[in-house]
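# Structural overview
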Amino acid sequence: MAESTIPDTMKAIVVKETGGLEAMTLDPSYPVPKVGDNQVLIKNEFAGLNFIDTYYRSGLYKQACPFISGQEGGGTVVALGSKTEDFGLQVGDKVVYVALVGSYCEYSAVPASKVVKVPESIGMEKALACMVQGLTAHYLVTDAHAGLIQKDQWCLIFSVGSGTCQWAAQIAKVRGFKVIGTTSKSKADAVPKGACDELIVLDTAEGKSHSDYTSVDIQKKVMEITNGDGVKCIVDGVGQSTSDISIQCLARRGIWISFGNASGPVPPVAIKRFTPKSAFCTRPKLGDYMATREELEYRANDVFGLVSNGKLDVKVDTVFSVEQARDAHEYLESGKSKGKVLLRI
Ligand SMILES: NC(=O)c1ccc[n+]([C@@H]2O[C@H](COP(=O)([O-])OP(=O)(O)OC[C@H]3O[C@@H](n4cnc5c(N)ncnc54)[C@H](OP(=O)(O)O)[C@@H]3O)[C@@H](O)[C@H]2O)c1
């Protein structure tokens, strides 16, 4: 696309004031961003939906209003800033990105350092699914445990039929860990084959689409499986409903990686609760595990490679249109999704 054909305005899902689903409105004539020196302008084909988008929309996480929702997208490069030559990008390249720039819109100006090319073998939809959820799963089971789990030791991963943790369980197996997964009955069919050595299937909460964490004594099961030792690493994106269970399942010098709040924020935890097992806790975020261009390239290439060679089974659950952004948020927040949710722009 020649720069002269880039329009002045575009459709965008804009949050003017934080709140419920109604906080998102479709603006048909939002200004197309100007491309900065270090940026590329991308004509988005898809935006990836993430729980964090609902937190910014609701105001749980803070962002100055008005803003365009979304921080993950994929499309075609249509213009290059004057200082982007180091990144090997050309107009016409198919790319995906994670950046706090707004992606539920037709055009996004994205720092070139945050953009990666879509491998032909994978295609746009799968490559986009690899970004937030795939990269997160990658850092969680590769680095966030700080080496406190070794090959052939047990880890516990909640919600292995869901977005991030379908990936985390599969990558944990690639790393040589033994995996205990949990899933609600409603998502047991979405747990990737071979991702877990032991699967704990929980009842689905009444009238809901997620687990009832009281339906099975998870601590008892974990202790049975691990001969009373507990697990060396816990990957927990559920938050409120699982924080106590996590602390109780830790092995001596094990680590609880509390990376999300799908069931609500984790309540404050007294540090003395880690004393009985001299255990560790971390509350990491993706930005700190792709802080440099080198790290982003390393993780993205590793994840793309695992997808290409069939070691990672990636599921795109549902594609909504951008006009259905409210429905898409409602769907994500209901806990129904069994993989990546996308918006077609
Ligand atoms: N720190 C980071 O770097 C980072 C990166 C990405 C995501 N996150 C966070 O991690 C969390 C999970 O993200 P995700 O993309 O994996 O989400 P997801 O695909 O929607 O999975 C969330 C799962 O949590 C379980 N769950 C339990 N209680 C729930 C409730 N009340 N409502 C909804 N789900 C409930 C469900 O699994 P079951 O049916 O098995 O119970 C659900 O499928 C979110 O809080 C997200 O913001 C953090």
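Residues numbered from 1 in each chain as written. Predicted model: local features only at pLDDT ≥ 70, side-chain atom pairs only at ≥ 80, totals over all residues. Heavy atoms only, no water.

### Quick word on the sheet that holds strand β14 (residues 280-282)
With respect to topology, 6 strands assemble into an open sheet ordered β11-β10-β9-β12-β13-β14, the strand pairing being parallel. Every interior strand has two partners, whereas the edge strands, β11 (198-202) and β14, have only one. On average, each strand axis in the sheet is inclined to that of its neighbour by 15°, with strand direction left out of account. Contacting β9 (154-157), β10 (178-184) and β12 (231-236), helix α3 (residues 163-174) crosses the sheet at an angle of about 170° to β9. Strand contacts of helix α4 (residues 218-225): β9, β10, β11 and β12, with the helix running at about 165° to β11, the strand carrying the most contacts. (Pairing = 2+ DSSP bridges. Helix = DSSP H or I, 4+ residues; strand = E, 2+ residues; numbered from the N terminus. Axes fitted to C-alpha atoms, helices over the stretch in contact; angles between N-to-C directions. Contact = heavy atoms within 4.5 Å.)

### As for the packing of aromatic side chains
Any two aromatic rings considered together are summarised by their centre-to-centre distance and by the angle between their planes. Following the criterion strictly, the structure yields 7 aromatic pairs and no others. Aromatic side chains Tyr139 and Tyr289 sit 4.4 Å apart centroid to centroid with 5° between the ring planes, which places their arrangement in the stacked category. With Tyr139 in helix α2 (residues 124-142) and Tyr289 in the loop between β14 and α6 (293-308), this residue pair connects regions lying 150 residues apart in the sequence. Overall, Tyr139 belongs to the buried group, its relative accessible area being 1%. Each residue in the set Phe51, Tyr55, Tyr56 and Tyr61 is aromatic and connected to the rest through ring pairs, giving one cluster. (Phe/Tyr/Trp six-rings, centres within 6.5 Å; stacked < 30°, edge-to-face > 60°. Buried < 20%, exposed > 50% of the residue type's maximum accessible area, 1.4 Å probe, protein only.)

### With respect to the site of the ligand
Around the ligand lies a shell of 30 residues, among which Tyr55, Ser162, Ser184, Lys187 and Ser211 are the nearest. Ser162 places a polar side-chain atom, nitrogen or oxygen, 2.5 Å from an oxygen atom of the ligand. Gly163 places a main-chain nitrogen or oxygen 2.7 Å from an oxygen atom of the ligand. Protein chains shield 92% of the accessible area of the ligand, which is 910 Å² for the free molecule. Of the residues in the shell around the ligand, the class split is 10 nonpolar, 17 polar and 3 charged. (Near = heavy atom within 4 Å. Polar contact = N/O pair within 3.5 Å; in protein donor to acceptor, adjacent residues only side chain to side chain. Areas by Shrake-Rupley, 256 points an atom, 1.4 Å probe, with all protein chains shown as cover. Nonpolar A, V, L, I, M, F, W, Y, C, P; charged D, E, K, R; others polar.)

Geometric descriptors of this kind do not, in isolation, establish any biological role.
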